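Structural features, examined
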Amino acid sequence: MNKQELIQAVADKSGLTQKDAKTALDATLAVVSDTLAQGDEVVLVGFGTFSVREQKARTGRNPQTGEKIQVPAKKVPSFKAGKGLKEAVN
């Protein structure tokens, strides 16, 4: 499912117009992104938790030359599915 299909599905389920569903989805994604950028997490009980994890610095390898390179530490977004989502999938 791509973003446009998601917007259509949200509009169908909620009774919103596609324009309103797009606005709501865009706002939701922006809030989640902004919250993660601030270092906080977003907890949606029954669905899951969006958070930011620290990835340690490591030694990598250039696949073309075989040369070892240093990959710096960085922050990466993470999602852990909640109980309700896990049950819905299984």
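Analysis parameters
For every chain, the first residue of the written sequence is number 1, and numbering continues from 1 along that sequence. Local features in a predicted model are, by the rule used here, given only for residues with pLDDT of at least 70; side-chain atom pairs are given and counted only at 80 or more, and totals for whole chains, interfaces and linings are based on all residues. To obtain the side-chain values, all non-hydrogen atoms of the structure were used and water was disregarded. UniProt positions are given in the numbering used here, feature names are shortened, and annotations may be inferred rather than shown by experiment. A pair of strands is labelled paired if DSSP reports no fewer than 2 bridges between them. Note on conventions: DSSP H or I runs of at least 4 residues are helices, E runs of at least 2 residues are strands, and numbering of each starts at the N terminus. Between N-to-C directions, angles cover 0 to 180 degrees, with each direction set by a line fitted to C-alpha atoms, over the stretch in contact for helices. Every residue pair with non-hydrogen atoms within 4.5 Å of one another is taken to be in contact.

Named according to an unreviewed UniProt entry, the protein is HU family DNA-binding protein originating from Moraxella nasicaprae. The Sequence similarities (unreviewed entry) comment attached to the protein in UniProt states, word for word, "Belongs to the bacterial histone-like protein family." Comment text from UniProt for the protein, heading Function (unreviewed entry), reads "Histone-like DNA-binding protein which is capable of wrapping DNA to stabilize it, and thus to prevent its denaturation under extreme environmental conditions."

1. Some thoughts on the sheet that holds strand β5 (residues 74-81)
What the three strands build is an open sheet, ordered β1-β2-β5; its pairing is antiparallel. Edge strands, defined here as strands with exactly one partner in the open sheet, are β1 (42-44) and β5. The average undirected angle you get between the axes of adjacent strands in this sheet is 30 degrees. Sheet topology note: the β1/strand β2 (residues 48-55) ladder contains three bridges and is antiparallel. Within β2, the position partnered with Val-43 by the bridge is Thr-49. The strands touched by helix α2 (residues 18-37) are β1 and β2; relative to β2, the strand with the most contacts, the crossing angle is about 35 degrees.

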